[in-house]
Amino acid sequence: MQPLTRVEGRAIPLGLKNVDTDIIIPAKWLKTISREGLGAGAFEVLRAEPGNVFDDPAYKGAPILIAGDNYGCGSSREHAAWAMLDLGIRVVIAPSFSDIHSGNAVKNGILPVVLPQEAVDRLLEVAREGLEITVDLEQQTVTTPYQDRFTFKIDPFRRHCLLNGLDEVGLTMARGEAIGAFEASRTAVQPWLMRGTAI
């Protein structure tokens, strides 16, 4: 997982409320266990509409998505986070998120930023003007060229994981020495145990 400290760029001004995971990635795309290639199916239903923001050249490669209330509701499919990441999205800003989707996003290196509706509305305006928005995880701020500055809260553990690029495997690997020491001490105390197998 890539560390995330600061993301700067144009933002996709979606703004829709109750965008569920089936809108983010339709069920027909869930047959794969690969994280790659799902960007092609991301927001497929919305992209079928003429003039949609996802296919607007002005937002091509935008790393930030601005959404409405209750983003990521619906089923718990982790493919939704994979699809957003494959599309290049590293930050989603919304007034609220589904708990499960928010967790899946963080585990895949996507920062969910919760801001009041007024702040989201202001950011939507800036995004529609084609201006860049900066999200700084270390400072926990979202800023614009107009000197708008919004602060956000994030769970300290989630912040640590994103800043250091640690998913669940990375967290385990970071504790490799402690795990090795435990295994060695356990073998010394219980020599009849083979590594990982009871006799």
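Keep in mind the model is a prediction, meaning the values are calculated, not measured. (Residues numbered from 1 in each chain as written. Predicted model: local features only at pLDDT ≥ 70, side-chain atom pairs only at ≥ 80, totals over all residues. Heavy atoms only, no water.)

K.L.:
Could you clarify how one ought to interpret helix α6 (residues 156–164) in this entry?
P.N.:
Think of an α-helix as 3.6 residues a turn; residues three or four steps apart then line up on the same face. Among the residues of α6, those classed as buried are C161, L162 and L163. Those residues of α6 that are buried lie in contact with α4 (99–107), β5 (111–114) and α7 (168–174). Here α6 starts with a cap whose side-chain oxygen sits 3.0 Å from the backbone nitrogen of F157, and that cap is D155. Looking at the residues trailing α6, positive phi occurs at G165, about 65°. (Buried < 20%, exposed > 50% of the residue type's maximum accessible area, 1.4 Å probe, protein only. Helix = DSSP H or I, 4+ residues; strand = E, 2+ residues; numbered from the N terminus. Contact = heavy atoms within 4.5 Å. Polar contact = N/O pair within 3.5 Å; in protein donor to acceptor, adjacent residues only side chain to side chain.)

K.L.:
It is not clear to me how the environment of M1 should be interpreted in this structure. Could you clarify?
P.N.:
Looking at the secondary structure, you find M1 in the segment before β1 (6–9). Of the residues examined, M1 reaches a relative accessible area of 32% and is grouped as partly exposed. For the pair M1 and L163, spaced 162 residues apart in sequence, the C-alpha separation works out to 10 Å. Beyond its immediate stretch of four places on either side in the chain, M1 contacts V106, K107, N108, G109, C161, L162, G165, L166 and D167.

K.L.:
Even after reading the chapter, I still don't get the packing of aromatic side chains, so can you show me in this structure?
P.N.:
If you walk through the whole model with that rule in mind, you get two aromatic pairs. Between F43 and F54, the ring centres sit 4.2 Å apart and the planes meet at 15°, which makes this aromatic pair stacked. With F43 in the loop between α1 (21–24) and α2 (44–47) and F54 in the loop between α2 and β3 (64–66), this pair connects stretches of sequence that are 11 residues apart. Classification of F43 as buried rests on a relative accessible area of 0%. (Phe/Tyr/Trp six-rings, centres within 6.5 Å; stacked < 30°, edge-to-face > 60°.)

K.L.:
Looking at this structure, how should I read the domain arrangement of the protein?
P.N.:
Buried accessible area, meaning the area lost when the parts come together, often serves as the stated size of an interface. On domain assignment, one finds that the protein holds domain 1 (6–165) and domain 2 (167–199). One C-alpha centre belongs to domain 1, the other to domain 2; they are set 38 Å apart. (Domains from an automatic or database assignment.)

K.L.:
Is there a simple way to think about the side chain of N52 in this case?
P.N.:
With respect to the helices and strands, N52 occurs in the loop between α2 and β3. Using a relative accessible area of 11% as the deciding quantity, one classes N52 as buried. Among the polar contacts made by the side chain of N52, one reaches the main-chain carbonyl oxygen of E49 at a distance of 3.0 Å. For N52, the side chain forms a polar contact with the main-chain nitrogen of F54, separated by 3.0 Å. When sequence neighbours within four positions are dropped, the list of residues in contact with N52 reads L46 and R47.

K.L.:
I tried to follow the pairing of β5 on my own but got confused; where do I start?
P.N.:
It is a general feature of regular strands that their side chains alternate between the two faces of the sheet. Bridge analysis of strand β4 (residues 91–94) against β5 gives four bridges, and the strand direction is parallel. Directly across from I93, in β5, lies its bridge partner V113. Taking the sense of rotation as the criterion, the β-α-β connection linking β4, α4 and β5 turns out right-handed. (Pairing = 2+ DSSP bridges. Right-handed = clockwise from strand over helix to strand, strands pointing away.)

K.L.:
What am I meant to see in unusual backbone geometry here?
P.N.:
Across residues other than glycine, the phi torsion is negative in most instances, and most of the peptide bonds are trans. Here Q140, not a glycine, exhibits a phi torsion of approximately 55°, which is positive. Positive phi outside glycine occurs at Q147, with the angle close to 70°. Tracing the sequence through the fold places Q147 in the loop between β7 (141–143) and β8 (149–151). When its relative accessible area of 69% is taken as the criterion, Q147 is described as exposed.

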